[in-house]
Amino acid sequence: MPRTEAELFAFLAELGIAVSTKRHPPLYTVADSQALRGEIAGGHTKNLFLKDKKNAFFLVTVGEDAVVDLKQIHHVIGAAGRVSFGKPEMLMELLGVAPGAVTVFGLINDTQHRVKVVLDEALMRHAVINAHPLTNEATTSIASGDLVRFVEATGHDAAILKVSA
């Protein structure tokens, strides 16, 4: 079973990482979440769950307004050829979330480290990053340095690369 939001918060607390979370109606798209601007400061995320032709999986986290060239991103992230979006079943299996709730915090569920995480360099310039805490009914704010600590604590390498245009 995927970890719960409460288990995520307990994991962050064990790491000594302070976060703040705001509850809201379910948000499925970046457009939905933009209604909260002004209420939640910091960089807001857009997440791309991708796979390559060798079934390697990637979670690319960029700023909500970032433009990503999906025809060229494989060169940047180290994929074997062009990428496509991963299927919802694999998203649930690997990250424990459904479409519309994709989040970097899903890495807590990737215990076999099958997903390579890529954090966009431009997003990481924000002091605070905002992401769903395994549900699209809340937004959790975390310091960018603490986000890297979280990723590494899940056993993943936090690759910070320039993926947005």
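Please refer to the structure higher up on the page.
S.K.: What am I meant to see in the overall build of the protein here?
M.R.: Within the protein one finds five helices and eight strands. Ordered by position from N to C terminus, the α and β elements of the protein give α-β-α-β-β-α-β-α-β-β-β-α-β. The C-alpha atoms of the protein give 15 Å as radius of gyration, which agrees with the globular expectation for 165 residues (15 Å, within 12%). Burial analysis of the protein (165 residues in total) assigns 50% to the buried set. Nonlocal contacts in the protein, meaning residues at least 24 apart in sequence, comprise 67% of its contacts between residues at least 6 apart. Entry remark: accessible area of the protein is about 8000 Å², with carbon and sulfur atoms responsible for 54%. Looking at charge distribution, the protein has the averaged site of its 16 positive side-chain charges lying 7 Å from that of its 18 negative ones.

S.K.: Is there a simple way to think about the pairing of strand S5 (residues 115–120) in this case?
M.R.: The side chains of a regular strand alternate between the sheet's two faces. Among the six residues in S5, five count as buried, and that is most of the element. Pairing geometry for strand S3 (residues 57–63) and S5, over five bridges, is parallel. Paired with Phe57 across the strands is Val115, a residue of S5. One ladder, built from three bridges, connects S5 with strand S8 (residues 159–161); its direction is parallel.

S.K.: Any chance you could explain the pattern of salt bridges here in plain terms?
M.R.: Oppositely charged side chains may form a pair once their charged atoms are brought near each other. Inspection of every chain in the model, using the stated rule, returns four salt bridges. Put simply, Glu5 and Arg23 hold a salt bridge, and the shortest N to O gap is 2.5 Å. Remark: Arg23 occurs in strand S1 (residues 20–23) and Glu5 occurs in helix H1 (residues 5–14); sequence separation between them is 18 residues. A salt bridge links Asp146 to Arg149; the shortest N-O distance between them is 3.0 Å. Of the two residues, Asp146 and Arg149 both sit in helix H5 (residues 144–153), three residues apart, roughly one turn of that helix. Under the relative-accessibility criterion, Asp146 is labelled buried at 19%.

S.K.: What is the right way to read unusual backbone geometry from this model?
M.R.: Excluding glycine, a negative phi dihedral is what most residues carry, and trans is how most peptide bonds are arranged. For Asn55, which is not a glycine, the phi torsion comes out positive at approximately 60 degrees. Relative to the helices and strands, Asn55 resides in the loop between strand S2 (43–51) and S3. Note on Asn55: relative accessible area 46%, which makes it partly exposed. Non-glycine residue Leu134 carries a positive phi angle of around 75 degrees. Tracing the sequence through the fold places Leu134 in the loop between strand S6 (128–131) and strand S7 (138–143).

S.K.: Help me understand the side chain of Asp52 in this model?
M.R.: Examined against the element boundaries, Asp52 turns out to sit in the loop between S2 and S3. The side chain of Asp52 sits in the buried core without any salt bridge; Lys51 is the nearest counter-charge, 6.1 Å away. Among the polar contacts made by the side chain of Asp52, one reaches the main-chain amide nitrogen of Lys54 at a distance of 2.9 Å. For Asp52, the side chain forms a polar contact with the main-chain nitrogen of Ala56, separated by 2.9 Å.

Conventions we followed
Residues numbered from 1 in each chain as written. Predicted model: local features only at pLDDT ≥ 70, side-chain atom pairs only at ≥ 80, totals over all residues. Heavy atoms only, no water. Helix = DSSP H or I, 4+ residues; strand = E, 2+ residues; numbered from the N terminus. Rg over C-alpha atoms; globule rule 2.2 N^0.38 Å. Buried < 20%, exposed > 50% of the residue type's maximum accessible area, 1.4 Å probe, protein only. Contact = heavy atoms within 4.5 Å. Areas by Shrake-Rupley, 256 points an atom, 1.4 Å probe, with all protein chains shown as cover. Lys, Arg positive; Asp, Glu negative; His and termini not counted. Charge placed at Lys NZ, Arg CZ, Asp CG, Glu CD. Pairing = 2+ DSSP bridges. Salt bridge = Lys/Arg side-chain N within 4 Å of Asp/Glu carboxyl O. Polar contact = N/O pair within 3.5 Å; in protein donor to acceptor, adjacent residues only side chain to side chain.

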